[in-house]
Amino acid sequence: MKMPEEEREVILSQVGEVLKDFRLSRESLIPVLQKVQEKLGYLPVLAMEKVAGDLGIPAVDVFGVASFYNQFRFNPPGENEIKVCMGTACYIAGGKIALDSFERRLEIKEGETTADRKYSLERVACVGCCTMAPVVVVNDKVEGHVTPTRVDGILLGLETGRQNEGTGRDGEGRQNR
Amino acid sequence: MSAEVTLTIDGQQVKAVAGEKLLFVALNNGIYIPHLCAIAEEERPSACCRLCFVEIEGLSRPVTACTQKVRDKMTVRTRTPKVDRLVKTGFELLLSDHRLQCRTCPKNGACQLQMVARERGLKLKTGRFKPLAKDIPVDHSPETFSFDAGRCVLCGQCVHADQNIARVGAINFINRGLKRKIGTFNNRCLRDSPCTECGLCVKACPVGALTFKT
Ligand code: SF4
Ligand code: SF4
Ligand code: FES
Ligand code: FES
């Protein structure tokens, strides 16, 4: 996947902007990465390389820190952000099955974004509505009792732009509890 | 500054320089204590392998010898029931996500895990813990060596060699938890990293994870 020249320039100039406000040393690494992600939505490889170069540390150190913390992502958020809950209640109720279904249907792994950037998939911890487990949050909207059939329903809804129809609330998939 | 101290390890009187780390004092005096992660010149050791436990008189619990500075009149025991239990458990945990195939391993015979097993009468197999097979492919991309992450014990010796001795910065710890491993920037193969193939990391590796090609 080759990145268009203009996108590269945007990344480099944005990272340059961020770095202006920091002391260029290893201690600034985490706050710099947070700011970069705030601006770009994720940490592109090019951005991490620039941060490493300007802070004067090996690129692998930047990658090591970024891959340690859940808050950093290496892929751009999709137009539709799908977050599968892997909190205790959801995990036990089959959250992994929901995640597997999304991975299979979207042909990406957790933490990735589809090539057309339409969907991104990630796992989150308890989102606070365990009674509806397993829970999936789609574009900030909570879907409960997500079975593999419901996964198909959710994706179909997003494809046809009718996300509001047939959520977990109306009982679909509930018989599987 | 460097006052000399006298301590007792397993009944043997030993002289050392105050401030030295107990583990290396013992090793230099021919007393074996299992260890994988300790680096002599490291002021603050990571103490991550959990194999170098000893009991020190006056301390209620076993402590890691790689983090203890020697003091005058210290009395140390390297083998006690508590120590043996901790080492056994730590060793089994290490083996539980280790691709154990000594017969075909390039490090067979010179491996520090085998050394620990031999010295402490431990078995080289996973007992109580469910094996967590690591299916990470071997990186054969360098001309002179290979990296088999499935045999890595995450001791950090290679990172020290790469970052502080060779001063290259090709490898480090990446990810967290069960996915933690030694890696390169963006998970590139070593050939596409800044690695210069100086070989220092390979020489530092205590097990069969980093090995020279023959
Ligand atoms: S690294 Fe050591 S314990 Fe592991 S397979 Fe090789 S020789 Fe055996
Ligand atoms: S590759 Fe070898 S030296 Fe490096 S962390 Fe793994 S076991 Fe230790
Ligand atoms: S565990 Fe998923 S909402 Fe609580
Ligand atoms: S050598 Fe002390 S914990 Fe590893």
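Just so it is clear, the structure is predicted and the values come from calculations on it, not from any experiment. Residue numbers here run from 1 along each chain, matching the order of that chain's written sequence. Lettering of chains starts at A and numbering of ligands starts at 1, both following the order in which they are written. This being a predicted model, a pLDDT of at least 70 is required before a residue's local features are given, and a value of 80 or more before pairs of side-chain atoms are given or counted; all residues contribute to the totals for chains, interfaces and linings. Excluded from the side-chain calculations are hydrogens and water; all other atoms, namely the structure's heavy atoms, are used.

**Focus: the packing of helix α2 (residues 81-96) of chain B against helix α3 (residues 112-120) of chain B**
Residues and elements named next belong to chain B. Stated precisely, the cut-off is as follows: Axis definition: a line fitted to C-alpha atoms, limited for helices to the stretch in contact. Angles are taken between N-to-C directions and run from 0 to 180 degrees. Elements are defined by DSSP. Helices are runs of H or I of four residues or more, strands are runs of E of two residues or more, and each kind is numbered from the N terminus. Roughly parallel means an angle under 35 degrees; roughly antiparallel, over 145; roughly perpendicular, 65 to 115; everything else is oblique. The hand of a helix crossing depends on one turn: near helix anticlockwise from the far one by less than a right angle means left-handed, and clockwise means right-handed. Any two residues whose heavy atoms approach within 4.5 Å are treated as being in contact. Under the convention adopted here, Pro, Cys and the residues Ala, Val, Leu, Ile, Met, Phe, Trp and Tyr are nonpolar, Asp, Glu, Lys and Arg are charged, and Gly plus all remaining residues are polar.
Where α2 meets α3, the closest approach of the two axes is 12 Å, and the angle between their N-to-C directions is 150°. If you check the angle between α2 and α3, you find them roughly antiparallel. The crossing of α2 and α3 is left-handed. Contacts between α2 and α3 pair Val83, Asp84, Val87, Phe91 and Leu95 from the former with Leu113, Val116, Ala117 and Arg120 from the latter. Looking at the contact of α2 with α3, its residues break down into seven nonpolar, no polar and two charged.

**Some remarks on the site of ligand 2**
What counts, and what does not: For this description, a residue counts as near a given molecule or strand if any of its non-hydrogen atoms is within 4 Å of it.
Among the 14 residues in the neighbourhood of ligand 2, the closest are listed as Cys152(B), Cys155(B), Gly156(B), Cys158(B) and Cys205(B). Within the shell around ligand 2, the residues separate by chemical class into 12 nonpolar, two polar and no charged.

**Looking at the site of ligand 1**
Residue and element names in this part refer to chain B. Defined as follows: A cavity here means a set of points on a 1 Å grid, drawn over the protein atoms and nothing else, where a 1.4 Å probe fits but cannot get out; a pocket is an open set with protein on both sides within 12 Å along at least five of seven lines, and a residue lines either one if it has an atom within 4 Å of a point. Put plainly, a molecule is in a cavity or pocket when over half of its atoms are within 2 Å of the grid points there.
What surrounds ligand 1 is a group of 13 residues, the closest being His98, Cys102, Cys105, Cys111 and Gly208. When each cavity is represented as a set of grid points, ligand 1 is found to reside in the second largest cavity. Partitioned by chemical class, the residues of the shell around ligand 1 number six nonpolar, five polar and two charged.

**Notes on the interface of chain A and chain B**
Going by this rule: Summed over both partners, buried area is the accessible surface (1.4 Å probe) that two parts give up on being assembled. Salt bridge, as used here, is a side-chain nitrogen of Lys or Arg placed within 4 Å of a carboxyl oxygen of Asp or Glu. N or O atoms closer than or at 3.5 Å make up a polar contact, with two conditions inside protein: a donor-capable atom paired with an acceptor-capable one, and, for residues adjacent in sequence, both atoms drawn from side chains.
Listed per partner, the contact involves 12 residues of chain A and 16 residues of chain B. Buried surface at the junction of chain A and chain B, summed over both partners, amounts to about 1,200 Å²; 59% is from carbon and sulfur atoms. Counting the surface chain A buries against chain B, the share from its top three residues, Val60(A), Phe63(A) and Phe68(A), is 46%. Across the chain A-chain B interface, the total number found is one salt bridge. Connecting chain A to chain B are five residue pairs in polar contact (both at pLDDT 80 or more).

**Examining the domain arrangement of chain A**
Rules: The domain limits used here are those given by an automatic or database domain assignment.
In terms of domain boundaries, chain A breaks down into domain 1 (5-68) and domain 2 (80-159). When each unit is reduced to the centre of its C-alpha atoms, the spacing between domain 1 of chain A and domain 2 of chain A is 29 Å.

**Some details on helix α1 (residues 5-20) of chain A**
All names here are of chain A. Threshold: In this analysis, the expected span of each helix is defined as 1.5 Å times one less than the number of residues it contains. Three exposure classes are used, based on accessible area relative to the maximum for each residue type with a 1.4 Å probe and protein chains only: buried under 20%, partly exposed in between, and exposed over 50%. The arc in question is traced by the directions running from the helix axis to the C-beta atoms.
Taking 1.5 Å per residue as the helical rise, α1 with its 16 residues ought to reach 22 Å, and the 23 Å between its terminal C-alpha atoms agrees with that figure. Burial in α1 covers these residues: Ile11, Val15, Val18 and Leu19. One side of α1 carries all its buried residues, which in axial view fall inside an arc of 95°. In α1, the exposed residues that point more than 90 degrees away from the buried face are Glu5, Glu6, Glu9 and Lys20. For α1, the secondary structure elements touched by its buried residues are α2 (29-40) and α3 (45-55).

**Some details on the sheet that holds strand β1 (residues 80-85) of chain A**
Residue and element names in this part refer to chain A. Here is the rule: By this definition, two strands are paired if DSSP reports at least two bridges between them.
If you trace the four strands from one edge of the open sheet to the other, you get β2-β1-β3-β4, paired in mixed fashion. The sheet is open, and its two borders are formed by β2 (119-124) and β4 (141-143), each paired with just one other strand. Across this sheet, the average inter-strand angle for adjacent strands is 25°, counted without regard to direction. Where β1 meets β2, six bridges bridge the pair, whose relative direction is parallel. If you follow Val84 over to β2, its bridge partner there is Arg123. Docked against the sheet, helix α6 (residues 95-106) engages β1, β2 and β3 (136-138), running at close to 150° with respect to β1.

**Examining the domain arrangement of chain B**
Residue and element names in this part refer to chain B. The domains assigned to chain B are domain 1 (4-80) and domain 2 (136-214). Put simply, the middle of domain 1 and the middle of domain 2, counted by C-alpha atoms, are 28 Å apart. Of the residues lining the interface, seven residues belong to domain 1; the matching set on domain 2 comes to nine residues. Interface area for domain 1 against domain 2, summed over the two sides, is near 540 Å², with a carbon-plus-sulfur share of 56%.

**Remarks on the side chain of Thr113(A)**
One can find Thr113(A) in the loop between α6 and β2. When neighbours within four sequence positions are excluded, Thr113(A) is seen to be in contact with Arg73(A), Asn75(A), Pro76(A), Gly78(A), Ile108(A), Tyr119(A) and Ser120(A).

**Quick word on the pattern of salt bridges**
All names here are of chain A. Applying the stated criterion across every chain yields a total of 21 salt bridges over all chains. The residue Asp54 makes a salt bridge to Lys50 at a minimum N-O spacing of 3.0 Å. Of the two residues, Asp54 and Lys50 both sit in helix α3, four residues apart, roughly one turn of that helix. With a relative accessible area of 32%, Asp54 lands in the partly exposed category. When the shortest N-O distance is used, the salt bridge between Lys96 and Asp100 registers 3.2 Å. Placement of both Lys96 and Asp100 in helix α6 is noted, with a separation of four residues, approximately one turn of the helix. Given the relative accessible area of 35%, Lys96 is considered partly exposed. Where salt bridges share partners, they join Arg73, Glu81 and Glu122 into one cluster.

**Quick look at the packing of aromatic side chains**
Stated precisely, the cut-off is as follows: Geometry of aromatic contacts follows a simple scheme: Phe, Tyr and Trp rings, the Trp one being its six-membered ring, pair when their centres are within 6.5 Å, and the pair is stacked under 30 degrees between planes, edge-to-face over 60, tilted otherwise.
All told, the structure shown has four aromatic pairs over all chains when counted by the stated rule. Both rings, one in Phe63(A) and one in Phe74(A), keep their centres 5.3 Å apart while their planes meet at 40°; by these two values the pair is tilted. Taken together, the residues Phe63(A) in helix α4 (residues 59-68) and Phe74(A) in the loop between α4 and β1 connect sequence positions 11 residues apart. A relative accessible area of 29% places Phe74(A) in the partly exposed class. Ring centres of Phe63(A) and Phe185(B) lie 5.9 Å apart, and the angle between their planes is 75°; this geometry places the pair in the edge-to-face category. Residue Phe63(A) is found in helix α4, and its partner Phe185(B) is found in the loop between β8 (181-183) and α5 (200-204); the two belong to separate chains.

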